[in-house]
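# Topology and contacts: notes
So the chains spell out like this:
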Amino acid sequence: MVGALEKAGVRFIHHHTSGHASPADLRRLERAIAADRLVPIHTDAPHLYASHFDTVVGIEMEGTWWAV
């Protein structure tokens, strides 16, 4: 997958928070990477992200493909 992204000129950055980060830590990460869009995945409560983060645009179901 990364090779296909690089061929298309798409910069790929992988960030992982271990699944046990607090909301405060996730907000710090959001500010640090200055993302235009945050997509919560692999979470038990994706519907809560929009109340914690300004850059949550929508919820994508884990295991599905979606366009950016």
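Reference entry: report on the structure contained in this document. (Residues numbered from 1 in each chain as written. Predicted model: local features only at pLDDT ≥ 70, side-chain atom pairs only at ≥ 80, totals over all residues. Heavy atoms only, no water.)

When helices and strands are tallied, the chain shows 2 helices and 0 strands. Taken along the three principal axes of its C-alpha coordinates, the chain extends 35 × 25 × 20 Å. In the chain, which comprises 68 residues, the proportion classed as buried is 13%. In the chain, the share of contacts with a sequence separation of at least 24, taken over all contacts with a separation of at least 6, comes to 25%. The chain carries 6 positive and 8 negative side-chain charges, and their two centres are separated by 6 Å. (Helix = DSSP H or I, 4+ residues; strand = E, 2+ residues; numbered from the N terminus. Buried < 20%, exposed > 50% of the residue type's maximum accessible area, 1.4 Å probe, protein only. Contact = heavy atoms within 4.5 Å. Lys, Arg positive; Asp, Glu negative; His and termini not counted. Charge placed at Lys NZ, Arg CZ, Asp CG, Glu CD.)

What follows concerns the environment of Ile33. In this structure, Ile33 sits in helix α2 (residues 23-33). The class for Ile33 is partly exposed, based on a relative accessible area of 36%. Distance from Ile33 to Val68, taken between C-alpha atoms, is 17 Å for residues 35 residues apart in sequence.

Among the structural elements, Glu30 can be located in helix α2. Lacking a salt bridge, the buried Glu30 has Arg31 as its closest oppositely charged neighbour, with an N-O distance of 5.9 Å. Dropping the residues within four chain positions of it, Glu30 is found in contact with Ala35, Leu38, Phe53, Asp54 and Thr55. (Salt bridge = Lys/Arg side-chain N within 4 Å of Asp/Glu carboxyl O.)

The final tally for this structure, using the stated rule, is 1 salt bridge. The partner of Arg28 in a salt bridge is Asp25, and the shortest N-O contact between them spans 2.9 Å. In this pair, Arg28 and Asp25 are both assigned in helix α2, 3 residues apart and thus about one turn of the helix distant. Here Arg28 falls in the exposed class, since its relative accessible area comes to 53%. Taking relative accessible area as the criterion, Asp25 reaches 37% and is therefore assigned partly exposed.

Inspection of the secondary structure assignment puts Leu26 in helix α2. Its relative accessible area of 17% is what places Leu26 among the buried residues.

What follows concerns the environment of Glu30. Given a relative accessible area of 14%, Glu30 falls into the buried group. Taking the C-alpha atoms as reference points, Glu30 and Ala67, 37 residues apart in sequence, are found 21 Å from one another.

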